[in-house]
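# Summary of structural features
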Amino acid sequence: MPTTPDPAFAGRTYLPGPVHTVSAAKIAEFARATGAASPLHTDPEAARRAGHAGPIAPPTFLVSLAQATEAQYIEDPASGIDFRRVVHGEESFTLHRPVVAGDRLIPTLTVESVRAAGGHAMVTTRVDLSDEDGAEVAAVRSMLVVRGD
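The rules we used
Residues numbered from 1 in each chain as written. Predicted model: local features only at pLDDT ≥ 70, side-chain atom pairs only at ≥ 80, totals over all residues. Heavy atoms only, no water. Pairing = 2+ DSSP bridges. Helix = DSSP H or I, 4+ residues; strand = E, 2+ residues; numbered from the N terminus. Core = buried A, V, L, I, M, F, W, Y, C linked by side-chain atoms within 4.5 Å. Buried < 20%, exposed > 50% of the residue type's maximum accessible area, 1.4 Å probe, protein only. Contact = heavy atoms within 4.5 Å. Expected span 1.5 Å × (residues − 1). Arc of directions from axis to C-beta.

This part takes up the sheet that holds strand β1 (residues 20–21). Taken in spatial order, the five strands make up an open sheet running β1-β3-β4-β5-β2, and their pairing is antiparallel. At either margin of the open sheet sits one strand with a lone partner, and together these are β1 and β2 (86–95). Relative to strand β5 (residues 136–146), β2 is paired through nine bridges, and the arrangement is antiparallel. Opposite H88, over in β5, you have L144 as the bridge partner.

The biggest cluster of nonpolar side chains holds 28 residues, and the ones touching the most others in it are L62, Y73, L105 and L129. Every element with two or more residues in this core is listed here: α1 (24–34), α3 (63–74), β3 (104–117), β4 (120–130) and β5. When residues in this core are grouped by element, the largest group, five residues, is from β5. Setting aside anything within four residues of it in sequence, one finds L62 in contact with F93, L95, V99, L105, L129, A138 and V140.

For the rest of this paragraph, the subject is the environment of I81. Within the element layout of this structure, I81 appears in the loop between α3 and β2. With near-sequence residues (within four places) excluded, I81 lies in contact with P5, Y73, I74, V86, V123 and V146.

What follows covers α3. Between its terminal C-alpha atoms α3 stretches 15 Å, which fits the 16 Å expected from 12 residues at 1.5 Å a residue. Burial in α3 covers these residues: V63, L65, A66, T69, E70, Y73 and I74. The secondary structure elements touched by the buried residues of α3 are β1, β2, β3, β4 and β5.

Moving on: α1. Of the residues making up α1, those classed as buried are I27, A28, F30 and A31. Relative to the axis of α1, the buried residues are bounded by an arc of 165° and lie together on one face. Exposed side chains of α1 directed beyond 90 degrees from the buried face belong to A25, R32 and A33. Where α1 ends, the next residue or the one after it, G35, has phi of about 75°, a positive value.

Any functional reading would require information beyond the geometric quantities listed.
Next up, the structure:
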């Protein structure tokens, strides 16, 4: 098993993951845990008055789905990722529209880059989330630092 991330994984796109149904309960739980106090996250009526079909998720809500999807790459022994050496670098979110309770999202992982930097490896991944009709909903970009020896 390799001990450093394999740069050959850069550009690899994995098969789409399983459908993930966004629930109002999970949105409210995440909002409470992160201090997102807007009633749009917890009150279905407030969300409807604002023009949404149901409660909307805070943008960072998608991090758990993105990380679960990244596991395809991180847990692949050939990738060379030793998770004990991973430090989270940065995260960014692109929303094409709000994520609403009841959405059924399909994640697709792409390893955008793998590069060496100062004795460490910098890995950038992107998880694109679409609905069942194929319309883009969001993208989550993560940068991981895999510490060297």
